[in-house]
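An overview of the molecular structure
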There are 2 protein chains.
Amino acid sequence: MNDMNMELRTGTGKCLYEQIYEHIRTEIREGKLLAGEKLPSTRSLAEYLQISRSTVDYAYEQLLSEGYIEARPYRGYFVCHIEELLNSGSVGKISGTYAADLIKAEQDTHGGKEWEFDFSPNAIDMSAFPFSVWNRISRTILSEEKSELFAAGHPQGEWELRWTISRYLHASRGVNCMPEQIIVGAGNDYLLMLLEKILGRHVKIAMENPTYKRAWKIFRSFAYEITTVDMDEAGMKAEELRKKEVTAAYIMPSHQFPTGVVMPIGRRMELLNWAKEKEGRYLIEDDYDSEFRYRGKPIPSLQGADQTGKVIYIGTFSKAIAPAIRVSYMVLPKDLLTVYREKCYFYSSTVSRIDQKILNEFISDGYFERHLNKMRKVYKGKHDLMLEKLRPFCGRFIISGENAGLHLLLCCRDNRAEQELIKAANQKKIRVYGLSDSLVSNSTEPIWGDHAVMLLGYGGLDDQAIRLGIERLKDAWL
Amino acid sequence: MNDMNMELRTGTGKCLYEQIYEHIRTEIREGKLLAGEKLPSTRSLAEYLQISRSTVDYAYEQLLSEGYIEARPYRGYFVCHIEELLNSGSVGKISGTYAADLIKAEQDTHGGKEWEFDFSPNAIDMSAFPFSVWNRISRTILSEEKSELFAAGHPQGEWELRWTISRYLHASRGVNCMPEQIIVGAGNDYLLMLLEKILGRHVKIAMENPTYKRAWKIFRSFAYEITTVDMDEAGMKAEELRKKEVTAAYIMPSHQFPTGVVMPIGRRMELLNWAKEKEGRYLIEDDYDSEFRYRGKPIPSLQGADQTGKVIYIGTFSKAIAPAIRVSYMVLPKDLLTVYREKCYFYSSTVSRIDQKILNEFISDGYFERHLNKMRKVYKGKHDLMLEKLRPFCGRFIISGENAGLHLLLCCRDNRAEQELIKAANQKKIRVYGLSDSLVSNSTEPIWGDHAVMLLGYGGLDDQAIRLGIERLKDAWL
């Protein structure tokens, strides 16, 4: 509604309500107003435009009845997600390119009201989170602490939190680091931005294909040259890195997204050897969801096997605690730590000290560990239920990616296209995701050849939803 | 203490306590352990190294007695700030380059224990902050809100907060924007990193000299070509921008740091006209402390005078609320908003939704406005007291930069060098700051010619400290 304030004219042929209605409609049609974006409340907009509230009400009614916006109880008015509109060229290039993000943003933010079942591989289960504990810790800290907490903090994050994280990483992920090597930051995206400053601009980075698309988008927004590298059941092939003369490789050795591949120790060593061969080569280990493993011991980190400071280790609390707390951490090898302190030490921390203190107590008082153990059980339950319910699919699909993470993969045995499967599911109000969302180039063959592969995430669905959802999916796919 | 864990060897000539002692001492000498950095507690370090606590105690005692570390009651052990060490070459290039930052970090974090009076221009007064209100809001939100707040939020920040900020900016700063144009981020540094992604890498940016050094460091860490531009009593000269063919200019028109220059409307128009002349030209307005003006009305923002979408407006809550809450905001002109949504929309927000909600209520319930009014009075009181106490200095110094901000400037009439003045103050345990800290190049003449200019910040000092500090400064400078 960027120029709502300029749009309104009295004395034109159109009455005010029409002008508001048409303005918002245009903004939506042209993709300027985002799917899922909240509109101002009628009260605040009326006040802002200095017109009567009923005028705004009237305009909203009209948009509502035409399906441009939807009303959500206790929430307000939101821009609808209008598939055709976004897919049609009518929206123009911009929204074309970010339509997908918009829809995703909407899904994330509002739980995708238009679907009855959403098998998003990114959703997590917050229902078991110990809100009361978290809030109690927060309240205690806020009541006891005074100005000190509100003063500027250490650029790398508070020492106490870094110490706690280093202990946790050592115990549960086999990561060898001292607090000095840790940088706490507001999310992986930010830490990767910081890493760009540390590694400099002349980086040629190798990624698997398929890979974690967000990381690819971020590297693409850097000056980095990105190349995709063939992978097999062991993950990224080391010799490819030599052929393509890359300087860094982005990998998820404990649980590759989306394939679920766990990199065996042999391949890890090959990669470490590649990195050792030349100065300035690094492996970026994204350990995004390694907490969730349902069979055997958790896979130790690659960083733990690194003797020569070649691994940049990145982890997050988004999956294990909550996406909204915005706390991730990066463990730098010593030479890069020196570069960081030389070149980037002036960047102030992006995480509030209060939040750092809350998180520190949540972990050091043992609540985090307890929560993880609980969630491992919860997710294992969903994982097992998924496998049980999906048994009838084995005839027409190959199921993989089990025993870890928050999603399964279904590879279609027949030659149905991904879009066919998605459409069939959508018609039943089920949202499913194709592997191609994670493909960053076609230069390399996906390891499944031409067969369509679907991602079924279960983190955000309760048992009942899984039962009904898979049942419904049968009608769509079998 | 990066490799403490590897350093320890039994069976060598040295006993464990010596090894710990020598390791830490070396880390400090080599600038690897930061001045002001906290050491692990003896308990946690002993536990980590699986040795007896008394061994660690012994090592710390030794370091303490030799002045490498200091013990702070209830806080723990901290690395001392050892002037000579940092200034001597002995620390090597790295610490040489970040020594200043380390000292500053220490000052910020720990209040610079070794000074009796610190006239830091960056310090603010938190004593009047309504902690109880802030904490009450936090507690209410935390008690009433459930999982929704912990879900991922909107990449630009929650709509409600952006709406509140847009209303505040409109009312108090004359900024014209809709919430859609606002991006909420974890500090100015992050927002500038984001801006780099939006503007792209081929930017030639103009800065005043002297200017805000942190911004300069950040731009320098980008691919940006930085050029300094002569300034006069009206600020940056517009014709210089044409001569030097820059694409963007970083300015603080409401209150230039450190000179305190307020850019008159005429000069503002010249700059806006320069920006209008060519596509892709932008003015980056850093409105860092415009809330604090002690005479006449607050100076309206440059953005408010911009008809053609040429101003990128950046503001922060660090000065007006607290550095630690890590919330800043950037208002993008519409064309850049489009670029942002096209190229950067996938970057997730860096501010926790809980913090956003707390801040939103703090502002929209009127507490922010009240706090600002109170702080304006508090700071005006300090400002007036400073001027009164500094009267005796008028003979040998020209005082400027009054009526706004949190510091004054003293330009030395005689030919004493900045270092002389600083040393004289330091000998009296007074910490003062020279203008040269803010000089980013010598290519342009500081507007004071060769005369030494000192910055005297008063935000962090109470009336008593101001009285005694200035009294003591007399002996040093008069």
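As a reminder, the structure under discussion sits directly above these lines.
Summary of the structure given here. Not measured: the values here are computed from a predicted model. (Residues numbered from 1 in each chain as written. Chains lettered and ligands numbered in written order. Predicted model: local features only at pLDDT ≥ 70, side-chain atom pairs only at ≥ 80, totals over all residues. Heavy atoms only, no water.)

Section: the overall build of chain A
Let me state the cut-off plainly: Per the convention used, a helix needs a DSSP run of H or I reaching at least four residues, while a strand needs a run of E reaching at least two, with both numbered from the N terminus. For every residue, the accessible area obtained with a 1.4 Å probe (protein chains only) is divided by the maximum for its type, and the residue is called buried under 20%, exposed over 50%, and partly exposed between those limits. Note on contacts: a residue pair is in contact if any heavy atoms of the two residues lie within 4.5 Å. For every accessible area listed, the method is Shrake-Rupley and the probe measures 1.4 Å; residues are considered covered only by the protein chains on display.
On a plain count of helices and strands, chain A comes out with 17 helices and 17 strands. With 478 residues in all, chain A has 61% of them scored as buried. For chain A, long-range pairs separated by at least 24 residues make up 72% of all intrachain contacts whose partners lie at least 6 apart in sequence. Summed over its atoms, the accessible surface of chain A is roughly 18000 Å², and 50% of this surface lies on carbon and sulfur atoms.

Digging into the pairing of strand S13 (residues 397–400) of chain A
It is a general feature of regular strands that their side chains alternate between the two faces of the sheet. Residue and element names in this part refer to chain A. Cut-off, in case you're wondering: At least two bridges found by DSSP between two strands is the condition for calling them paired.
Residues of S13 alternate between two faces, with Phe397 and Ile399 buried on one and Ile398 and Ser400 left unburied on the opposite face. Relative to strand S14 (residues 407–412), S13 is paired through 4 bridges, and the arrangement is antiparallel. Across the sheet, residue Ile398 finds its bridge partner in S14, namely Cys411. What sits between the antiparallel neighbours S13 and S14 is a turn of 6 residues, in which Gly401 has the positive phi angle 80°.

Focus on helix H15 (residues 367–389) of chain A
This is how it is decided: Multiplying one less than the number of residues by 1.5 Å gives the expected span of a helix.
Along its 23 residues, H15 of chain A runs 33 Å from first to last C-alpha, staying within 8% of the 33 Å computed at 1.5 Å per residue. Along H15 of chain A, the residues that are buried comprise Tyr367, Phe368, His371, Leu372, Met375, Tyr379, Lys382, His383, Leu385 and Met386 of chain A.

Description of the side chain of Lys38 of chain A
Inclusion rule: Whenever a nitrogen or oxygen atom comes within 3.5 Å of another N or O atom, the pair is scored as a polar contact, on the condition that within protein one atom can donate a hydrogen and the other can accept it, and that pairs from neighbouring residues in sequence are kept only if both atoms are in side chains.
Within the element layout of this structure, Lys38 of chain A appears in the loop between helix H2 (16–29) and helix H3 (42–49). Reaching out from Lys38 of chain A, the side chain makes a polar contact with the side chain of Glu160 of chain B at a distance of 2.8 Å. With sequence-adjacent residues up to four places away left out, Lys38 of chain A is seen in contact with Arg75, Gly76, Tyr77 and Phe78 of chain A together with Trp159 and Glu160 of chain B.

Description of the nonpolar core
Put simply, the rule is: By nonpolar core we mean a set of buried residues, namely Ala, Val, Leu, Ile, Met, Phe, Trp, Tyr and Cys, connected to one another through side-chain atoms within 4.5 Å.
Membership of the largest hydrophobic core comes to 142 residues, with the highest contact counts inside it found for Trp477 of chain A together with Trp477 of chain B. In this structure, Trp477 of chain A is in contact with Phe393, Arg396, Phe397, Leu410, Arg416, Leu421, Ala424, Ala425, Val432, Met454 and Leu456 of chain A, ignoring residues within four places of it in sequence. The next biggest cluster of nonpolar side chains, apart from the first, holds 88 residues, and it includes Ile218, Met252 and Val453 of chain A together with Val203 of chain B.

Regarding the environment of Lys204 of chain B
All names here are of chain B. Note on placement: Lys204 falls in strand S5 (residues 204–208). Residues Lys204 and Phe129, 75 residues apart in the sequence, show an inter-C-alpha distance of 40 Å. Apart from the residues lying within four places of it in its own chain, the contact partners of Lys204 are Glu225, Thr227, Lys244, Glu245, Val246, Thr247 and Ala248.

A closer look at empty space enclosed by the protein
Rules: Grid points spaced at 1 Å over the protein atoms alone were grouped into cavities, where a 1.4 Å probe fits but cannot get out, and pockets, open sets with protein on both sides within 12 Å along at least five of seven lines, with lining residues defined by an atom within 4 Å of a point. Grid points are joined across faces, edges and corners, and a volume is the space filled by probe spheres set on the points. When residue character is reported, Ala, Val, Leu, Ile, Met, Phe, Trp, Tyr, Cys and Pro are called nonpolar, Asp, Glu, Lys and Arg charged, and the others, Gly included, polar.
Applying the stated rule across the entire model yields 11 cavities of 30 Å³ or more. Asp355 and Ile358 of chain A together with Ile354, Asp355 and Ile358 of chain B are, among the 20 residues lining the largest cavity, the residues nearest its centre. Looking at the lining of the largest cavity residue by residue, the classes come out as 14 nonpolar, 4 polar and 2 charged.

Description of unusual backbone geometry
With an omega of 10°, the peptide bond running from Asn209 of chain A to Pro210 of chain A counts as cis. By secondary structure assignment, the location of Pro210 of chain A is in the loop between strand S5 (204–208) and helix H10 (213–221). In this model, Phe257 of chain B is joined to Pro258 of chain B through a cis peptide bond whose omega is 0°. Mapped onto the elements, Pro258 of chain B comes out in the loop between strand S9 (248–251) and helix H12 (265–277). Its identity is not glycine, yet Glu245 of chain B carries a phi of approximately 50°, on the positive side. With respect to the helices and strands, Glu245 of chain B occurs in the loop between helix H11 (238–243) and S9. Overall, the relative accessible area of 63% leaves Glu245 of chain B in the exposed class. A positive phi is found at Lys429 of chain B, a non-glycine position, where the angle reads about 60°. Here Lys429 of chain B is to be found in the loop between helix H16 (418–427) and strand S15 (430–431). Lys429 of chain B gets classed as partly exposed once you look at its relative accessible area, which sits at 40%.

Focus: the side chain of Thr259 of chain A
Residues and elements named next belong to chain A. Inspection of the secondary structure puts Thr259 in the loop between strand S9 (248–251) and helix H12 (265–277). Judged by its relative accessible area of 5%, Thr259 falls in the buried class. A distance of 2.6 Å separates a polar atom in the side chain of Thr259 from a polar atom in the side chain of Gln256.

Let's talk about the sheet that holds strand S12 (residues 328–331) of chain B
Residues and elements named next belong to chain B. So the rule is basically this: Fitting a line to C-alpha atoms yields each axis, with helices limited to the stretch in contact; the angle taken between N-to-C directions then spans 0 to 180 degrees.
Here 7 strands make up an open sheet; going across it, the order is S4-S12-S11-S10-S9-S5-S6 and the pairing mixed. The open sheet terminates on both sides in strands that have one partner only, identified here as strand S4 (182–185) and strand S6 (225–229). Ignoring strand direction, the axes of neighbouring strands in this sheet form an average angle of 20°. Pairing of strand S10 (residues 282–286) with strand S11 (residues 311–316), which is carried by 4 bridges, proceeds in the parallel orientation.

Regarding the packing of aromatic side chains
All names here are of chain A. Under the convention used in this document: Any Phe, Tyr or Trp ring, taking Trp's six-membered ring, that has another such ring centre within 6.5 Å forms a pair; planes under 30 degrees apart are called stacked, those over 60 apart edge-to-face, and the others tilted. Whether a charge lies above a ring is judged from NZ of Lys or CZ of Arg, which has to be within 6 Å of the ring centre and within 35 degrees of the ring normal.
Inspection of every chain in the model, using the stated rule, returns 43 aromatic pairs over all chains. Taken together through their ring pairs, the aromatic side chains of Phe129, Phe131, Trp134, Phe362 and Tyr367 make up a single cluster. Here Lys310 stacks its cationic end above the ring of Tyr282, 5.2 Å away from the centre of that ring.

So, helix H9 (residues 188–199) of chain A
All names here are of chain A. Between its first and last C-alpha, H9 extends 16 Å over 12 residues, near the 16 Å set by a 1.5 Å rise per residue. H9 sits mainly inside the fold: 12 of its 12 residues count as buried. Within the sequence span of H9, burial applies to Asn188, Asp189, Tyr190, Leu191, Leu192, Met193, Leu194, Leu195, Glu196, Lys197, Ile198 and Leu199. Gly200 sits one or two positions beyond H9 and adopts a positive phi of about 85°.

Quick word on the environment of Val432 of chain A
Residues and elements named next belong to chain A. Mapped onto the secondary structure, Val432 falls in the loop between strand S15 (430–431) and strand S16 (433–434). Look at Val432 and you get buried, because its relative accessible area is 5%. In the structure, Val432 is positioned 312 residues away from Ser120 in sequence and 6.7 Å away in space, judged by C-alpha atoms. Sequence-distant contacts of Val432, defined by excluding residues within four places in its chain, comprise Phe119, Ile422, Ala425, Asn426, Met454, Leu456, Leu473 and Trp477.

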